[in-house]
Every structure is written in C-alpha cells, then in structure tokens.
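Here is how the chains run, residue by residue.
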Amino acid sequence: MTDVSNGILHTLFHSDQGGHEQVVLCQDRRTGLRAVIALHSTALGPGLGGTRFYPYASEEAAVADALNLARGMSYKNAMAGLGHGGGKAVIIGDPQRDKTEELLLAYGRFVASLGGRYVTACDVGTYVADMDVVARECRWTTGRSPENGGAGDSSILTAFGVYQGMRASAEHLWGDPSLAGRRVGIAGVGKVGHHLVGHLLAEGAEVVVTDVRDDAVRRVLDLHPEVRAVEDTEALIRVEGLDVYAPCALGGALDDASVPALTASVVCGAANNQLAHPGVEKDLADRGILYAPDYVVNAGGVIQVADELHGFDFERCRAKAAGIYDTTLAIFARAKSDGIPPAAAADRIAEQRMHEGALARGW
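A few words now on the overall build of the protein. The helix and strand tally for the protein stands at 16 helices and eleven strands. Computed over the C-alpha atoms, the radius of gyration of the protein is 19 Å, within 12% of the 21 Å expected from 2.2 N^0.38 for a compact globule of 363 residues. The buried share among the 363 residues of the protein stands at 55%. Considering only intrachain contacts with a sequence separation of at least 6, the fraction spanning at least 24 residues in the protein is 66%. If you sum the accessible surface of the protein, you get close to 15300 Å²; carbon and sulfur atoms cover 50% of it. On the protein, the mean spot of the 33 positive side-chain charges and the mean spot of the 46 negative ones are 4 Å from each other.

We now examine a nonpolar patch on the surface. On the surface, Tyr54, Val124 and Leu250 cluster together to form a nonpolar patch covering roughly 210 Å² of accessible area. Looking at where Tyr54 falls in the secondary structure, it is placed in strand β3 (residues 47-54). For Tyr54, a relative accessible area of 31% gives the class partly exposed.

Here we take up the packing of aromatic side chains. The geometry of an aromatic ring pair is captured by the separation of the ring centres together with the interplanar angle, meaning the angle of the planes. One pass over the full model with this rule turns up three aromatic pairs. Between Tyr54 and Tyr56, the aromatic rings sit 5.1 Å apart at their centres with planes inclined by 70°, giving edge-to-face as the arrangement. Measuring from centroid to centroid gives 6.4 Å for Phe312 and Phe314, while their planes differ by 70°, and the two rings are edge-to-face. A relative accessible area of 32% means that Phe314 is categorised as partly exposed. Sitting over the ring of Tyr127, Lys191 keeps its end group 4.5 Å from the ring centre. Lying across the ring of Phe160, Arg318 places its NZ or CZ 4.1 Å from the centre.

Ranked by internal contacts, the top residues of the largest apolar core, which has 71 residues, are Ile37, Tyr107, Met166, Ile186, Leu196, Val197 and Leu200. It is helix α6 (residues 155-174) that provides the largest number of residues to this core, a total of seven residues. Setting aside its immediate chain neighbours within four residues, Leu200 contacts Tyr163, Met166, Leu179, Val184, Ile186, Ala205 and Val207. Counting residues in each nonpolar core, the second largest holds 20 residues, with Ala187, Val239, Ala253 and Leu284 among its members.

Let us look at the sheet that holds strand β5 (residues 118-122). Taken in spatial order, the five strands make up an open sheet running β1-β2-β4-β3-β5, and their pairing is mixed. At either margin of the open sheet sits one strand with a lone partner, and together these are β1 (22-28) and β5. Averaged over all adjacent pairs, the angle separating strand axes in this sheet is 20°, with direction ignored. Looking at chain direction, strand β2 (residues 33-41) and strand β4 (residues 85-92) are connected through six bridges and run antiparallel. Within the sheet, the bridge partner assigned to Ala35 lies in β4 and is Ile91.

Across the interface, α6 lies against helix α14 (residues 314-322) with an axial gap of 9 Å and an inter-helix angle of 30°. Judged by the angle between their axes, α6 and α14 are roughly parallel. For α6 against α14, the interelement crossing comes out right-handed. In this structure, α6 uses Ile156, Leu157, Phe160, Gly161 and Gln164 to contact α14, whose residues at the interface are Phe314, Cys317, Arg318, Ala321 and Ala322. Tallied by class, the residues present in the contact of α6 with α14 amount to seven nonpolar, two polar and one charged.

Rules of the game
Residues numbered from 1 in each chain as written. Predicted model: local features only at pLDDT ≥ 70, side-chain atom pairs only at ≥ 80, totals over all residues. Heavy atoms only, no water. Helix = DSSP H or I, 4+ residues; strand = E, 2+ residues; numbered from the N terminus. Rg over C-alpha atoms; globule rule 2.2 N^0.38 Å. Buried < 20%, exposed > 50% of the residue type's maximum accessible area, 1.4 Å probe, protein only. Contact = heavy atoms within 4.5 Å. Areas by Shrake-Rupley, 256 points an atom, 1.4 Å probe, with all protein chains shown as cover. Lys, Arg positive; Asp, Glu negative; His and termini not counted. Charge placed at Lys NZ, Arg CZ, Asp CG, Glu CD. Patch = residues over 30% accessible without salt bridge, like charges linked within 9 Å, V, L, I, M, F, W, Y side chains within 5 Å. Salt bridge = Lys/Arg side-chain N within 4 Å of Asp/Glu carboxyl O. Phe/Tyr/Trp six-rings, centres within 6.5 Å; stacked < 30°, edge-to-face > 60°. Lys NZ or Arg CZ within 6 Å of the ring centre and 35° of its normal. Core = buried A, V, L, I, M, F, W, Y, C linked by side-chain atoms within 4.5 Å. Pairing = 2+ DSSP bridges. Axes fitted to C-alpha atoms, helices over the stretch in contact; angles between N-to-C directions. Parallel < 35°, antiparallel > 145°, perpendicular 65-115°, else oblique. Left-handed = near helix turned anticlockwise from the far one by under 90°. Nonpolar A, V, L, I, M, F, W, Y, C, P; charged D, E, K, R; others polar.

In structure tokens:
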C-alpha cells in the first residue's frame, strides 16, 4: 500500500502528469460516499469538469484517474477557449447499486465547500437528473435539466464536436471534409456514441459499432438497421477498409497492442485520455495514422456546460462547437510546421494559453 501511495504522491508533486493545485478526498460514512476531487489548474478560471461514478478496483486507481482526468480538462478547456481551468471528480462505487439521493447531496456539499474553485457536471455514470440533485446543495453545478435552469444533455454537442473533428481530419488527410462513403468504426455507443452515429449516417458514411453493453448496440441497430455491429473492440480495430476509428468509451484505447492492429487512417473519438501512455502518439504518427487529439474534438460538451453558467443558448454553443473544425485543422498545421505529432502540438498551444493566463493573474 505504501509503495502505491508513494507512487500517487510522486505523480502529484514530481511527474509531468502531476502539477495539480489541489486534491480533495471526500468521505461521508452515513451515505457511503467516497470521492476524489482534483483541481489541476485554475490559471484560466475556476476548474470545470464532470463527476465520474465508477467501480474502481482500488482507492489508488480512483485517485490516479481523477488526476489524469483533471489534467486533461485543463488542456481541453484551454483549447476550447473557455475561461476555465481543469478539474474532475470521481465517486467510487457502482452507480447502479450505490448511487442514492443522499449520497449525491453529500457529494454536493463537498463541491460547495470549495467555494467555486471547482464547477462540476456529468460524466461516466452520472446524468442530468443526478446534477439536479447535486445542485440542491451546490450552486457550482452545470449539466442540469432545462426544468431546473440547466442546458440538459451535453452529449449532444460532444458528439457534434467529434463529428467536426472527423471532418477536419478528412480535410487534412484526403483534401475533402466530406465523410460520405467513408467507413467509420465507433467503439462505445452510449451517451455520445449513439449521437455520433446519427451525424455520420446523415452524411452518407458507413458505420460499424461495438459496445460492451448489448442494449446499447441494440438501441442503435433498432434505430439504424443499416449499421453493422461487431463483437468487440478487438474486432472493430481490425475491420477491413476502416477509414476512421472513433474510441467513445473509457480511456486508454490506444496502446501498444491496439495501435499496431489498427486498420484505420484516422483516429478521432470522444473518449478522454485515449493515449495509454506517453509515446503512443509517436507510434501512431510512425504508422501514418492521423490522430485528432481527444481533448480537442470532445470539447463540445464542456462548451455547453460552461455556457450554462452564463445563461444557456444552444445555438451560441453549437456555433462555438462548430469551431472545433478550425481548431483541429490549426493543430494539424502546427504539428506539420513543428515536425511533431498532433497531440504534442495541441499540448504546446494549450500550455502557452495556460502560461499566459497565469501571467495575466500575476502568478
């Protein structure tokens, strides 16, 4: 246990993946709440990021995930041009079994105790109805229902932004943003993935899907019989003639095993932290696979929930999310000019924006 904990502390204070401003461990024994809130950077404003409810194998795994996700939100919010830094929270447990109204209210009190340094929203395992509950204890809550003054489901604009990232990838690689006739494989057709299917079919793309949940696949096939389903992600990444691979489930989809097996020319999906470890971005580039950085193309949702804080307007948000197309193209151009992979180019731009934000605050 000591060695693992020391590893987490080393990550927090010493590694390139650390540098977080604050990590809060939350426990409410009455409700069973165990949560971690991580703030990576507030250089550009209050940390903004969702709450993940997930049955982690250990508390250490939960802390590590919160650190990684919060760091990713700093970069995502910077690239999206938002006045927010990066934060993320995880609740340890099975949302199907452990989630209760009392637990969510207890969690809301912990978020409120940060006094606005962290603004929360939905993520894996949490939904609009959950944010309505959290908001009863915490005014720094977004992703609420329209009936409660919120913007509703942020996955709609997340999918739209990923679609724009795909169009930019097609423009850069093939000289035409159209995805008509392209074969796109989507791993994960839950909250975001099933909306992405609709965008692609409307443009005339051929779509292949997989998901660990049979009911998620069945929902897509019932709505869109022309979609093809395969058994699992291992089968999906090997589909012959695949043009685009879209990881839309949990992170770490691109690793030492999957990258050599990929048949696609483009990777562009909604999942956070798709690169399993540093160096994978170079492996993709070495294989000639164009990678659209995940935190850039999946920013549509955070654009929506950030707007909710200022009086939500869907069309304003959609227009901003459409800008993901130009942002993605700019990253590809920077990568080419600097001779680096797109993921590294996006990091450079985001880090410069955070540095400028810190200077403006006199830090």
